[in-house]
Amino acid sequence: MIKLNEAVIVEGKYDKIKLSGIIDALIIETNGFRIFKDKKKLNFIRRLAVSKGIIILTDSDSAGFLIRNYLNSSISEGRVIHAYIPDIIGKEKRKVKASKESKIGVEGMDEENIKKSINMSGALIKDLSDISDKKSEDIKFRNIKLKFYELGYCGNKFSQKKRTELKESLKIPQYLSTNALIKLLSKCFTEDELEKIL
């Protein structure tokens, strides 16, 4: 597994699932063409480009490039990196038939090609061979999740309202699940900073 400083932007949930087993990074879905109308998510991606940098990793078909080009033209500040998967003819295992262009997307790409695409992109990569580093991140995630519970951000009938207010105050899109929110906060703030925010 490789760790990336940047956030990775993909098209859909199956792409995210695939990458989750290969990279350690914040992964954001565009939900396909919905990104064209989702101004909150686009603004969130813009802020990520400034604060962390982003890697755009879409399919190699025309739809993937349409989304990629839209994002690229919509982000004027920050660090935008492009990672490209190769054109490989075939279909994903979960699909009955191949896509319109018969190209395998991110979700069907093998690990070696995904890593190669990211390596060639110029992303800031950190090898996760040091298990202690990964463990410390897992501990931080669990600590923040516990703090969420202690302060009522999860586990009671008012938790959703508190999380909504937190997301609004930090200008974070409301679509994030509780775990995704905690993961994002753990990557953006120290535990002390987050405790003050909460």
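The shown structure was predicted, so the numbers you read here are calculated from the model rather than taken from an experiment.

A. Highlighting helix H6 (residues 159-170). Taking 1.5 Å of rise per residue, twelve residues should cover 16 Å, and H6 covers 16 Å from first to last C-alpha, within 8% of that figure. When we look at burial in H6, the residues that qualify are Ser159, Arg163, Leu166 and Lys167. Seen along its axis, H6 keeps its buried residues to an arc of 95°; they face one direction. Turned more than 90 degrees away from the buried face of H6, the exposed residues are Lys161, Glu168 and Ser169. A positive phi of about 60° marks Lys171, the residue just after H6.

B. Inspection of the packing of H6 against helix H7 (residues 178-188) at higher detail. In contact at an axis separation of 12 Å, H6 and H7 are set at 40° when each is read in the N-to-C sense. Comparing their axes, H7 and H6 come out oblique. Considering the relative orientation of H6 and H7, their crossing is left-handed. Here H6 contributes Arg163, Leu166, Lys167 and Leu170 to the contact with H7, which in turn contributes Thr178, Leu181 and Leu185. Tallied by class, the residues present in the contact of H6 with H7 amount to four nonpolar, one polar and two charged.

C. The arrangement of the sheet that holds strand E4 (residues 27-29) in detail. Pairing is parallel across the open sheet formed by four strands, whose spatial order is E4-E2-E5-E6. Looking along the sheet, the strands with just one partner apiece sit at the ends: E4 and strand E6 (80-82). Across the sheet, the mean angle from the axis of one strand to that of its neighbour is 30°, orientation sign disregarded. Where strand E2 (residues 7-10) lies against E4, three bridges are found, and the strand directions are parallel. Paired with Val10 across the bridge in E4 is Glu29. Relative to the sheet, helix H1 (residues 13-20) contacts E2 and E4, its axis offset from that of E4 by approximately 165°.

D. A look at the pattern of salt bridges. Following the criterion strictly, the structure yields seven salt bridges and no others. Put simply, Glu111 and Lys115 hold a salt bridge, and the shortest N to O gap is 3.0 Å. Here Glu111 and its partner Lys115 are both found in helix H4 (residues 111-121), four residues apart, which amounts to about one turn of the helix. The exposure class of Glu111 is partly exposed, given its relative accessible area of 38%. Look at Lys115 and you get partly exposed, because its relative accessible area is 23%. The salt bridge partner of Glu195 is Lys147, with a shortest N-O separation of 3.3 Å. On the criterion of sequence distance, the pair formed by Glu195 in helix H8 (residues 191-197) and Lys147 in helix H5 (residues 131-150) is long-range, its members being 48 residues apart. Residue classification places Lys147 among the partly exposed residues on the basis of a relative accessible area of 23%. What you see here is one network of salt bridges that share partners, running through Lys147, Glu150 and Glu195.

How each quantity is defined
- Residues numbered from 1 in each chain as written.
- Predicted model: local features only at pLDDT ≥ 70, side-chain atom pairs only at ≥ 80, totals over all residues.
- Heavy atoms only, no water.
- Helix = DSSP H or I, 4+ residues; strand = E, 2+ residues; numbered from the N terminus.
- Expected span 1.5 Å × (residues − 1).
- Buried < 20%, exposed > 50% of the residue type's maximum accessible area, 1.4 Å probe, protein only.
- Arc of directions from axis to C-beta.
- Axes fitted to C-alpha atoms, helices over the stretch in contact; angles between N-to-C directions.
- Parallel < 35°, antiparallel > 145°, perpendicular 65-115°, else oblique.
- Left-handed = near helix turned anticlockwise from the far one by under 90°.
- Contact = heavy atoms within 4.5 Å.
- Nonpolar A, V, L, I, M, F, W, Y, C, P; charged D, E, K, R; others polar.
- Pairing = 2+ DSSP bridges.
- Salt bridge = Lys/Arg side-chain N within 4 Å of Asp/Glu carboxyl O.

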